[in-house]
Amino acid sequence: MDDLERLARSTFRARFRLGPRERAYACAKGRATLAAHAADFVARRLAPASPANDGKQTPMRGHPVFVAQHATATCCRGCLQRWHRLPKGRALTAQEQAQIVGLILRWIDAQMRPDR
């Protein structure tokens, strides 16, 4: 079972969906811009060993990446530890950051399919 399937089994995680505004933003900006935003958010808000406001650093809405972070349990270090076994208290490696961004983008891609 892959990460997205496992996360979809969580009642809390499965309730997240891109709304009309987030979908419009994603269409207007394109995947490359979303990928750059995701990489920036992960690097600044999650990658440090002790991120500022950990547990409260990711808004629930307002940007497709924010919604995706909650849906994929990549919103704070606590969720990263619980769901992805990435321990708190140490900086994330470049490879770990890339994996997180990849998961976020896979979730957004699935949400942007016409059948959603």
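This text goes with the structure placed above it.
Residues numbered from 1 in each chain as written. Predicted model: local features only at pLDDT ≥ 70, side-chain atom pairs only at ≥ 80, totals over all residues. Heavy atoms only, no water.

Engineer: Would you take a moment to explain the packing of helix H3 (residues 20-29) against helix H4 (residues 31-45) for this structure?
Structural biologist: The relative placement of two packed helices comes down to the angle between their axes together with the axis-to-axis distance. Between H3 and H4, the least distance of the axes is 6 Å, while the angle of their chain directions is 110°. In terms of orientation, H3 lies roughly perpendicular with respect to H4. Of the residues in H4, those touching H3 at Tyr25, Ala26 and Lys29 are Arg31, Thr33, Leu34 and His37. Taken together, the residues of the contact of H3 with H4 sort by class into three nonpolar, two polar and two charged. (Axes fitted to C-alpha atoms, helices over the stretch in contact; angles between N-to-C directions. Helix = DSSP H or I, 4+ residues; strand = E, 2+ residues; numbered from the N terminus. Parallel < 35°, antiparallel > 145°, perpendicular 65-115°, else oblique. Contact = heavy atoms within 4.5 Å. Nonpolar A, V, L, I, M, F, W, Y, C, P; charged D, E, K, R; others polar.)

Engineer: Teacher, can you tell me more about the nonpolar core here?
Structural biologist: Nonpolar side chains in soluble globular proteins tend to be buried together. Of all hydrophobic cores here, the largest spans 31 residues; its most connected members are Leu92, Ile100, Ile104, Trp107 and Ile108. If you list the elements that add at least two residues to this core, you get helix H1 (3-8), H4, helix H5 (64-71), helix H6 (77-84) and helix H7 (94-112). When residues in this core are grouped by element, the largest group, seven residues, is from H7. Excluding residues within four positions of it along the chain, Leu92 makes contact with Leu46, Ala47, Arg77, Leu80, Leu86, Gln97 and Ile100. (Core = buried A, V, L, I, M, F, W, Y, C linked by side-chain atoms within 4.5 Å. Buried < 20%, exposed > 50% of the residue type's maximum accessible area, 1.4 Å probe, protein only.)

Engineer: What's the story with the pattern of salt bridges in this structure? I'm lost.
Structural biologist: The tally for this structure, following the rule as stated, stands at four salt bridges. Here Arg90 and Glu96 are joined by a salt bridge, their closest N and O atoms 2.6 Å apart. Of the residues examined, Arg90 reaches a relative accessible area of 30% and is grouped as partly exposed. (Salt bridge = Lys/Arg side-chain N within 4 Å of Asp/Glu carboxyl O.)

Engineer: Would you mind showing me how to read the environment of Leu86 here?
Structural biologist: For Leu86, the position within the fold is in the loop between H6 and H7. In this structure, the C-alpha to C-alpha distance between Leu86 and Glu96, residues 10 residues apart in sequence, is 8.4 Å. Aside from chain neighbours lying at most four places away, what touches Leu86 is Arg77, Leu80, Gln81, Leu92, Glu96 and Ile100.

Engineer: Please clarify how the side chain of Gln57 should be interpreted in this entry.
Structural biologist: Of note, Gln57 is situated in the loop between H4 and H5. There is a polar contact of 2.7 Å between the side chain of Gln57 and the backbone nitrogen of Gly55. Look past the residues within four positions of Gln57 in its chain and what remains in contact with it is Arg45, Leu46, Pro51, Ala52, Cys75, Cys76 and Arg77. (Polar contact = N/O pair within 3.5 Å; in protein donor to acceptor, adjacent residues only side chain to side chain.)

Engineer: What exactly am I supposed to notice about unusual backbone geometry here?
Structural biologist: One can expect most non-glycine residues to show negative phi and most peptide bonds to be in trans. You will see that Asn53, though not glycine, has its phi angle at about 55°, which is positive. Position of Asn53 among the secondary structure elements: in the loop between H4 and H5. Unusually for a residue other than glycine, Arg85 sits at a positive phi of about 60°.

Engineer: I'm lost on the packing of aromatic side chains in this one. Help?
Structural biologist: A ring pair, where both rings are aromatic, is described by two values, the distance of the centres and the angle of the planes. In the structure shown here, the tally under the stated rule is two aromatic pairs. Of note, Arg15 hangs over the ring of Phe16, and the distance from its end group to the ring centre comes to 5.0 Å. In this structure, Arg45 is placed above the aromatic ring of Phe41, and the distance from its NZ or CZ to the ring centre is 5.2 Å. (Phe/Tyr/Trp six-rings, centres within 6.5 Å; stacked < 30°, edge-to-face > 60°. Lys NZ or Arg CZ within 6 Å of the ring centre and 35° of its normal.)

Engineer: It is not clear to me how H7 should be interpreted in this structure. Could you clarify?
Structural biologist: Residue pairs spaced three or four apart in an α-helix point in one direction, given the helix's 3.6 residues per turn. End to end, H7 covers 27 Å across 19 residues, agreeing with the expected 27 Å (1.5 Å per residue, within 8%). Among all positions of H7, only Glu96, Gln97, Ile100, Val101, Leu103, Ile104, Leu105, Trp107, Ile108, Ala110 and Gln111 are buried. Its buried side turned inward, H7 meets H1, H3, H4, H5 and H6. (Expected span 1.5 Å × (residues − 1).)

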